[in-house]
Amino acid sequence: MTEEHPAAAVAMAPPPSETPSGSGGGGGGGWSLSRAEFGYWLGVFLGKAIMDRQLVEVPLSLPLLRHLLGQYEHFRATRITPFSALADEDVRRLVQQELRQLDATLAKSLLWMVDNDHVQDVLDETFTVSYDDHSSGGGDQQQPQQQPQQIPLCARGESTAVTDDNKKAYVYLMAMWKLMFAVTDLLLPLKEGFHSIVPLTALQEAGMTADELSWMLNGKDAIDVEELRAYVLYEGDRDSFHECCSSIVWLWRWVRSLSDAEQRQFLLFFTGSSRV
């Protein structure tokens, strides 16, 4: 038996080319981007930074990096593996390693459900999620606030109570809702813009990891002085100015003695960037 995937519950955002730009509120002639347009041009910006080898220092979450690498694409199918086949360690890893970065409170609550029995005696939950639709916003700030919708996470989710027998499926679907489907209207245009500059096939053929993509956008968190030293090129008379001359040896000894913040200032001074 298979369950219906919740992707159908979320309205897909139109491509940026089909989404008209707002004219700004108050008739002042201002201009604003829709969520789809903002996501698209943010993706273009990130892709251009990769192509131009520019660090932008935009710390993206692990789930978003994985989306850009196409590592969630198998969840786009309309039907998925029976939930009874889900392994406990896979569900736990999804919550601990990825969902926790986006919503630590929700991750803690879902892990509690996985680790404890008789959840139906403590929680009164069904397979639904409260969804606030922000995609219809724009320049007009006078629109009435919409009430959150109750979206079923699976077929007949609104009438299916969470119990010990099905809690693993609930945790999985809730995590995937938060990681993917709740932000579809912004996520899809962002990926479209990014992949218009950096093709997804190129990323997949290169076998790039989320950590490597993060390094290309942000540089590394810590400066490895030995790695930095290995890539430095010295100009001038090679007989008197090289990595073994006393002044260069003294320079790198001094750099090693600096604090992390001071090393970043030193790096910024001679490269124009505080990260590598």
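Cut-offs used in this document
Residues numbered from 1 in each chain as written. Predicted model: local features only at pLDDT ≥ 70, side-chain atom pairs only at ≥ 80, totals over all residues. Heavy atoms only, no water. Helix = DSSP H or I, 4+ residues; strand = E, 2+ residues; numbered from the N terminus. Contact = heavy atoms within 4.5 Å. Areas by Shrake-Rupley, 256 points an atom, 1.4 Å probe, with all protein chains shown as cover. 1 Å grid on protein atoms, 1.4 Å probe; cavity = no way out; pocket = protein on both sides within 12 Å on 5 of 7 lines; lining within 4 Å. Points joined across faces, edges and corners; volume = space filled by probe spheres on them. Nonpolar A, V, L, I, M, F, W, Y, C, P; charged D, E, K, R; others polar. Axes fitted to C-alpha atoms, helices over the stretch in contact; angles between N-to-C directions. Parallel < 35°, antiparallel > 145°, perpendicular 65-115°, else oblique. Expected span 1.5 Å × (residues − 1). Buried < 20%, exposed > 50% of the residue type's maximum accessible area, 1.4 Å probe, protein only. Arc of directions from axis to C-beta. Polar contact = N/O pair within 3.5 Å; in protein donor to acceptor, adjacent residues only side chain to side chain. Salt bridge = Lys/Arg side-chain N within 4 Å of Asp/Glu carboxyl O. Core = buried A, V, L, I, M, F, W, Y, C linked by side-chain atoms within 4.5 Å.

Some thoughts on the overall build of the chain
Each helix and strand counted, the chain has 12 helices and two strands in total. Helices (α) and strands (β) of the chain occur, in sequence order from the N terminus, as α-α-α-α-α-β-β-α-α-α-α-α-α-α. By sequence separation, contacts in the chain at least 24 residues apart represent 72% of the contacts at least 6 residues apart. Carbon together with sulfur atoms contributes 52% to the accessible area of the chain, which is approximately 16500 Å² in total.

Considerations on the layout of surface pockets
Gaps left between atoms are located by rolling a probe of water-molecule size over the structure's atoms. In this model, the largest pocket occupies a volume close to 420 Å³. Residue lining of the largest pocket: Arg 53, Gln 54, Leu 55, Trp 215, Met 216, Lys 220, Asp 224, Glu 227, Leu 228, Tyr 231 and Val 276, and that is the complete set. Every element with two or more residues in the lining of the largest pocket is listed here: α9 (210–218) and α10 (225–230). Across the lining of the largest pocket, the residue classes break down as six nonpolar, one polar and four charged.

Things to note about the packing of helix α1 (residues 35–51) against α9
Interaxial distance between α1 and α9 falls to 9 Å at its minimum, and their mutual angle equals 85°. On the basis of their axis angle, the class for α1 and α9 is roughly perpendicular. Where α1 abuts α9, its residues Leu 46, Ala 49 and Ile 50 lie against Leu 213, Met 216 and Leu 217. Grouping the amino acids of the contact of α1 with α9 by side-chain chemistry returns six nonpolar, no polar and no charged.

Topic: helix α4 (residues 104–115)
The α-helix advances 3.6 residues per turn, and as a result positions three or four apart in sequence lie on the same side. In this model α4 runs 16 Å from its N-terminal to its C-terminal C-alpha over 12 residues, within 8% of the 16 Å that 1.5 Å per residue would give. If you check which residues of α4 are buried, you get Ala 107, Leu 110, Leu 111 and Met 113. Looking down the long axis of α4, one finds its buried residues gathered within 155° of arc, a one-sided arrangement. Along α4, the residues that are exposed and aim more than 90 degrees away from the buried face are Thr 105 and Lys 108. Its buried side turned inward, α4 meets α3 (88–102), α5 (119–122) and α6 (167–179). You can read the cap of α4 off the contacts: a side-chain oxygen lies 3.3 Å from the backbone nitrogen of Thr 105, and it is on Asp 103.

Looking at the pattern of salt bridges
This model, assessed by the stated rule, comprises nine salt bridges. Where Lys 178 meets Asp 103, a salt bridge forms, and the shortest distance between an N and an O atom there is 3.5 Å. One end of the pair, Lys 178, is in helix α6; the other, Asp 103, is in the loop between α3 and α4, with 75 residues separating them in the sequence. Judged by relative accessible area, Asp 103 falls into the partly exposed class, the value being 21%.

Comments concerning the nonpolar core
The biggest cluster of nonpolar side chains holds 29 residues, and the ones touching the most others in it are Val 95, Leu 110, Tyr 170 and Met 176. Residue assignment for this core shows that the elements contributing at least two residues are α3, α4, β1 (128–131) and α6. Broken down by element, this core gets its largest block of residues, 10 residues, from α6.

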